[in-house]
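Each chain, letter by letter, is given below.
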Amino acid sequence: MAAPQAGSATIPPVSSKAWSVLIVSTLAFTVCFMVWMMFGVIGIPLKKALDLNATQFGLLMATPVLTGSLVRVPLGIWTDRYGGRIVMTLLMAATVPAIWLMAHATQFWHFLVIGLFVGLAGGSFSVGTPYVARWFPKQRQGFAMGVYGAGNSGAAVNKFVAPAILVAFGWTMVPQVYAAIMLATVVLFWMFSHSDPSHLAPSNVKFTDQLKALKDLRVLKYCQYYSIVFGGYVALSLWMVQYYVGEYGLDIRVAALLAACFSLPGGVLRAIGGWLSDKYGAHSVTWWVMWVSWICLFLLSYPQTEFTVLTVDGARSFKIGLNVYAFTVLMFILGIVWAFGKASVFKYISDEYPQNIGTISGIVGLAGGLGGFILPIMFGALLDLTGIRSSAFMLLYGVVWVSLIWMYFTEVRRREVLGANTGGLAPRS
């Protein structure tokens, strides 16, 4: 215990510029995530208006996620080269026209095409993560990235704001209001953010050299972890409102409020996950995140079941399934542990790739984003195929199994063989 205390005394002070960068970047990311998740609410009236099946509905919601995922690697690299301030400002400004045009779309393909451009907002994560981290000392980078990552709560903000606008003025008003909010955020971000030339990567580093990180098996492992804690979070944030409406027959406003019980802690508590990762290590936090996720998803996977048993007194019927209260509690717990998991995965990155955070975070973020793109489509396809809504959780349960097995053989078993030098608290370097 003496070593950590001694180390903590040498932590350099955090400058006022660093705090300003952290606050305004978190605000910007929250707005970007709110816009990115827009289809999670307005997609419900669009599904009826366009007569979409579950698979088409999943594709509609996932389209913005695709673009936001694919641009993460180049955006992370550009952030290393040019700085987060200029890249974030240009990125947010580029989404404003597309958000506004969403209100004028009338056909399914219109929404898909415009959604690709709106999805650029999702790439903001791989810009802000290295931008914020480099303003803080190494011992506080987990906390700083966790606070920034709390901008994921934009998914919950969307569930509070969009239904109110939709019910009062119709769905077309939602993208118009969001476009105005994004434009105001661009101005605020530019006014209160800062640049530091020492944070830029060397100019002689080539694009292809940075992409060689894809050959690192540890990077691929972190991609797998992030595909569930972030990809699953994005997918369920998009899917849950219509799930509540379909499974429990709730009004869209009540459904959005209950869905926020998952989205809100999944974003806000990421900062606590960063603090826990700094204190106990990325491995320990991620290991417990996966096991709690496994338990929650096992229970959520069980479909509503009704069966008849022949007893001595005749036939008796029984019903097994989660009511709306038990379901919401499990989703709330899942949102909390995934918030911790999103922070702990990026603690791995800051520990093991301190000179290349932008590129590695972009690659891992790409994997998580692609999970958020593919999963809603698979949710819809499974629903069309089986007619069982909880099949979405069955799929996620299988993904968590993969993460647990991979972590056991590459981290847990390795630690037992090597001894207790790391104390099981920090990732291997």
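Source: prediction; values computed, not measured. Positions within a chain are numbered from 1, following the residues in the order the chain's sequence is written. Two thresholds apply to this predicted model, a pLDDT of at least 70 for residue-level local features and 80 or more for giving and counting side-chain atom pairs, whereas whole-chain, interface and lining totals are computed over all residues. Each side-chain value is worked out from all heavy atoms of the structure, with water and hydrogens disregarded.

**Here's the deal with the overall build of the protein**
- Secondary structure counts use DSSP, requiring at least four H or I residues in a row for a helix and at least two E residues in a row for a strand, with both numbered from the N terminus. Regarding its fold elements, the protein presents 20 helices and 2 strands.
- Expected size for 429 residues packed as a compact globule is a radius of gyration near 22 Å; at 22 Å, the protein falls within 12% of this value.
- For the protein, the C-alpha atoms occupy an extent of roughly 75 × 55 × 35 Å along the three principal directions.
- Taking all 429 residues of the protein together, the buried fraction comes to 55%.
- Note on contacts: a residue pair qualifies if any of its non-hydrogen atoms lie within 4.5 Å across the two residues. Residue pairs at least 24 apart in sequence account for 84% of intrachain contacts in the protein once pairs closer than 6 positions are excluded.
- Element-wise, carbon and sulfur atoms account for 69% of the exposed surface of the protein, whose accessible area totals about 17,800 Å².
- Taken together, the 27 basic and 15 acidic charged side chains of the protein have centroids lying 7 Å from each other. Our radius of gyration looks at C-alpha atoms and nothing else; its globule reference is 2.2 Å times the residue count to the power 0.38. Working definition: with a 1.4 Å probe on protein chains only, accessible area under 20% of the residue-type maximum means buried, over 50% means exposed, and in between means partly exposed. The Shrake-Rupley method, run with a 1.4 Å probe sphere, supplies the accessible areas, and residue values consider only the shown protein chains as cover. Only four residue types enter the tally: Lys and Arg on the positive side, Asp and Glu on the negative side, with His and both chain ends excluded. By convention, charge coordinates are those of NZ in Lys, CZ in Arg, CG in Asp, or CD in Glu.

**Quick word on a nonpolar patch on the surface**
- Where nonpolar side chains cluster on the molecular surface, the patch consists of L27, V187, L188, M191 and F192 and spans about 460 Å² of accessible area.
- Looking at which element gives the most residues to the nonpolar patch, the answer is helix α11 (residues 173–192), with 4 residues.
- Look at F192 and you get partly exposed, because its relative accessible area is 43%. Each patch is assembled from residues with relative accessible area greater than 30% and no salt bridge, linking like charges that lie within 9 Å and nonpolar side chains (Val, Leu, Ile, Met, Phe, Trp, Tyr) that lie within 5 Å. Put simply, a salt bridge is a Lys or Arg side-chain nitrogen that is within 4 Å of an Asp or Glu carboxyl oxygen.

**A short note on the pattern of salt bridges**
- One pass over the full model with this rule turns up 7 salt bridges.
- For R134, the salt bridge is made with D80, and the minimal N-O distance between the two is 2.8 Å. One end of the pair, R134, is in the loop between α8 (124–133) and α9 (141–149); the other, D80, is in helix α5 (residues 72–82), with 54 residues separating them in the sequence.
- On the accessibility criterion, D80 (0% relative accessible area) is buried.
- The salt bridge partner of K347 is D278, with a shortest N-O separation of 2.9 Å.

**Points about helix α16 (residues 270–280)**
- Looking at α16, one finds that the buried residues are R270, A271, G273, G274, L276 and S277.
- Taken together, the buried residues of α16 touch α8, α9, α13 (217–229), α15 (252–268), α17 (282–301) and α18 (324–352).
- Looking one or two residues beyond α16, the residue adopting positive phi is G281, at roughly 100°.

**What about the packing of helix α14 (residues 231–248) against α15?**
- Two elements in contact, α14 and α15, have axes whose closest approach is 8 Å; the angle formed by their N-to-C orientations is 160°. With respect to α15, the element α14 is oriented roughly antiparallel. When you trace α14 past α15, the crossing you get is right-handed. Note on element contacts: α15 touches α14 through I252, A255, A256, L258, A259, F262, S263, G266 and G267, opposite Y233, L236, S237, M240, V241, Y244 and V245.
- In this classification, the charged set is Asp, Glu, Lys and Arg, the nonpolar set is Ala, Val, Leu, Ile, Met, Phe, Trp, Tyr, Cys and Pro, and all remaining amino acids, among them Gly, are polar. A per-class count over the contact of α14 with α15 returns 12 nonpolar, 4 polar and no charged. For helices, the fitted line uses only the C-alpha atoms of the stretch in contact; every axis is such a line through C-alpha atoms, and the angle between N-to-C directions lies from 0 to 180 degrees. Angle categories: roughly parallel below 35 degrees, roughly antiparallel above 145, roughly perpendicular from 65 to 115, and oblique for all the rest. By convention, the crossing between two helices is left-handed when the near helix turns anticlockwise from the far helix through less than a right angle, and right-handed when the turn is clockwise.

**Here we look at the packing of α5 against helix α6 (residues 84–101)**
- Contact geometry of α5 with α6 gives a least axis separation of 7 Å together with a crossing angle of 135°. Classed by the angle they form, the pair α5 and α6 counts as oblique. For the pair α5 and α6, contact is made by L75, W78, T79 and Y82 and by G84, I86, V87 and L91, respectively.
- Among the residues forming the contact of α5 with α6, the class breakdown is 6 nonpolar, 2 polar and no charged.

**Points about the packing of aromatic side chains**
- Between 30 and 60 degrees the pair is tilted, below 30 it is stacked and above 60 it is edge-to-face, where a pair is any two Phe, Tyr or Trp rings, Trp via its six-membered ring, whose centres lie within 6.5 Å. All told, the structure shown has 38 aromatic pairs when counted by the stated rule.
- Considering the side-chain rings of F29 and F33, the 5.7 Å spacing of their centres and the 80° angle between planes classify their relative orientation as edge-to-face. Linking F29 with F33, this pair stays in helix α2 (residues 16–36), spanning 4 residues, or about one helical turn.
- Pairing W291 with W294 gives two aromatic rings, centres 5.7 Å apart and planes at 70°, and the pair type is edge-to-face. Of this pair, W291 and W294 are both found in helix α17, 3 residues apart, which corresponds to roughly one turn of the helix.
- Judged by its relative accessible area of 29%, W291 is partly exposed.
- Either the NZ atom of lysine or the CZ atom of arginine qualifies as a charge over a ring when it sits within 6 Å of the ring centre and within 35 degrees of the ring normal. Here the guanidinium or amino end of K47 rests over the ring plane of F57, the centre of that ring lying 5.2 Å away.
- Of note, K342 hangs over the ring of Y233, and the distance from its end group to the ring centre comes to 3.4 Å.

**Let's talk about the environment of T359**
- Position of T359 among the secondary structure elements: in helix α19 (residues 357–386).
- Between the alpha carbons of T359 and I77 there is a distance of 5.1 Å; along the sequence they are 282 residues apart.

**Considerations on the pairing of strand β2 (residues 314–320)**
- In this analysis, strands are considered paired if DSSP registers two or more bridges between them. Pairing of strand β1 (residues 305–311) with β2, which is carried by 7 bridges, proceeds in the antiparallel orientation. Bridge pairing in β2 links T308 to S317.
- What sits between the antiparallel neighbours β1 and β2 is a turn of 2 residues.

**Remarks on α8**
- Summarising burial for α8: 10 of the 10 residues are buried, a large majority.
- Three or more residues of α8 are buried, namely S124, F125, S126, V127, G128, T129, P130, Y131, V132 and A133.

**As for the side chain of Q242**
- Residue placement: Q242 occurs in helix α14.
- Discounting residues that sit within four places of it in the chain, Q242 has contacts with I44 and F57.

**Quick word on the side chain of T286**
- Note on placement: T286 falls in helix α17.
- Under the rule applied, a polar contact is a pair of N or O atoms within 3.5 Å (in protein, one hydrogen donor and one hydrogen acceptor; residues adjacent in sequence only if both atoms are side-chain atoms). For T286, the side chain forms a polar contact with the main-chain oxygen of A282, separated by 2.7 Å.
- Sequence-distant contacts of T286, defined by excluding residues within four places in its chain, comprise Y225, S344, V345, Y348 and M407.

None of this, on its own, says anything about what the molecule does.
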